[in-house]
Amino acid sequence: MNWLQILNYILFVVLPVLFALGYYIVRLPEMQRSALWLYAKIAVQQVEQEHKGKDTSSQSRDELNMAKKEIAVTIIVARFRAYFFFPVPSREQIESAIEAAVYELAKTQKKQ
């Protein structure tokens, strides 16, 4: 290979791949935040729908809410693992997103 072929290979093969990889790495946190918010909203709505009208006499409300939060965390982690290109956020980030989604859901239910 002469220097012209090497330069051509670098310009048209290596640099575009490196550029695309760099762009993906830079945008990953933004995409991860968007996915976390979407998955949290979906998980909260799913859990609320499944537990709608449950009798809370046998369990305290706090225990039921903790169980629902655990189910929502499991749903979110499963969704992130289904799409392998997103790393799973920390548990604190997931719980924070769930709390925000619960607050938003409660706010919209009060308006109705």
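The rules behind the values
- Residues numbered from 1 in each chain as written.
- Predicted model: local features only at pLDDT ≥ 70, side-chain atom pairs only at ≥ 80, totals over all residues.
- Heavy atoms only, no water.
- Helix = DSSP H or I, 4+ residues; strand = E, 2+ residues; numbered from the N terminus.
- Buried < 20%, exposed > 50% of the residue type's maximum accessible area, 1.4 Å probe, protein only.
- Contact = heavy atoms within 4.5 Å.
- Areas by Shrake-Rupley, 256 points an atom, 1.4 Å probe, with all protein chains shown as cover.
- Core = buried A, V, L, I, M, F, W, Y, C linked by side-chain atoms within 4.5 Å.
- pLDDT = per-residue confidence, 0-100.
- Polar contact = N/O pair within 3.5 Å; in protein donor to acceptor, adjacent residues only side chain to side chain.
- Phe/Tyr/Trp six-rings, centres within 6.5 Å; stacked < 30°, edge-to-face > 60°.
- Patch = residues over 30% accessible without salt bridge, like charges linked within 9 Å, V, L, I, M, F, W, Y side chains within 5 Å.
- Salt bridge = Lys/Arg side-chain N within 4 Å of Asp/Glu carboxyl O.

Enquirer: How do you make sense of the overall build of the protein when you look at a structure like this?
Expert: What the protein contains, in helices and strands, is three helices and zero strands. Put simply, the protein runs from its N terminus to its C terminus through helices and strands in the order α-α-α. Within the span of the protein, comprising 112 residues, buried residues form 23% of the whole. Across the protein, the fraction of contacts at a sequence separation of at least 24, relative to all contacts at a separation of at least 6, is 70%. About 8,600 Å² of surface is accessible on the protein, with carbon and sulfur atoms providing 60% of the total.

Enquirer: Can you walk me through the nonpolar core in this structure?
Expert: Side chains that are nonpolar tend, in soluble globular proteins, to be buried together. Within the largest apolar cluster, 19 residues are counted, with the highest numbers of intra-cluster contacts made by L36, I76, F80, I94 and I98. Mapped by element, the contributors of at least two residues to this core are α1 (3–50), α2 (61–82) and α3 (91–111). Of all the elements, α1 adds the most residues to this core, at seven residues. Setting aside chain neighbours within four positions, we find F80 in contact with Q32, A35, L36, Y39, F86, P87, V88 and P89.

Enquirer: Mind showing me how you'd approach the confidence of the model for the protein here?
Expert: Keep in mind that low pLDDT regions are not for reading the predicted coordinates in detail. With 87% of its residues at a pLDDT of at least 70, the protein reaches an overall mean of 83. Mean pLDDT per element in the protein: α1 is the minimum at 82, and α2 is the maximum at 91.

Enquirer: What am I meant to see in the side chain of Q32 here?
Expert: Assignment of secondary structure puts Q32 in helix α1. In this structure the side chain of Q32 is engaged in a polar contact, spanning 2.7 Å, whose partner is the backbone oxygen of P87. Leaving out residues up to four positions away in the same chain, Q32 has contacts with F80, F86, P87, V88 and P89.

Enquirer: Looking at this structure, how should I read the packing of aromatic side chains?
Expert: One pair of aromatic rings is described through two measures. These are the centre distance and the angle between the planes. Scanning the model with the defined rule gives one aromatic pair in all. Arranged with centres 5.1 Å apart and planes meeting at 85°, the rings of Y39 and F80 form a pair that is edge-to-face. With Y39 in helix α1 and F80 in helix α2, this pair connects stretches of sequence that are 41 residues apart. Here Y39 and F80 have matching classes, each one buried.

Enquirer: What is the right way to look at a nonpolar patch on the surface in this model?
Expert: A contiguous nonpolar surface patch, about 1,100 Å² in accessible area, is contributed by W3, L4, I6, L7, Y9, I10, L11, F12, V13, L15 and L18. Along the chain, the position of W3 falls in helix α1.

Enquirer: For this particular structure, what's the right way to read the pattern of salt bridges?
Expert: Here the idea is simple: oppositely charged side chains can pair when their charged atoms come close. Here the structure, examined in full by the defined rule, presents five salt bridges. Across the pair E48 and K68 runs a salt bridge, and its minimum N-O distance is 3.0 Å. Here the residue E48 occupies a position in helix α1, and K68 occupies one in helix α2, the gap between them amounting to 20 residues. The exposure class assigned to E48 is partly exposed, which follows from its relative accessible area of 30%. For the salt bridge of E95 with R91, the shortest nitrogen-to-oxygen distance reads 3.0 Å. Separated by four residues within a single helix, E95 and R91 lie in helix α3, roughly one turn from each other. Note on E95: relative accessible area 24%, which makes it partly exposed.

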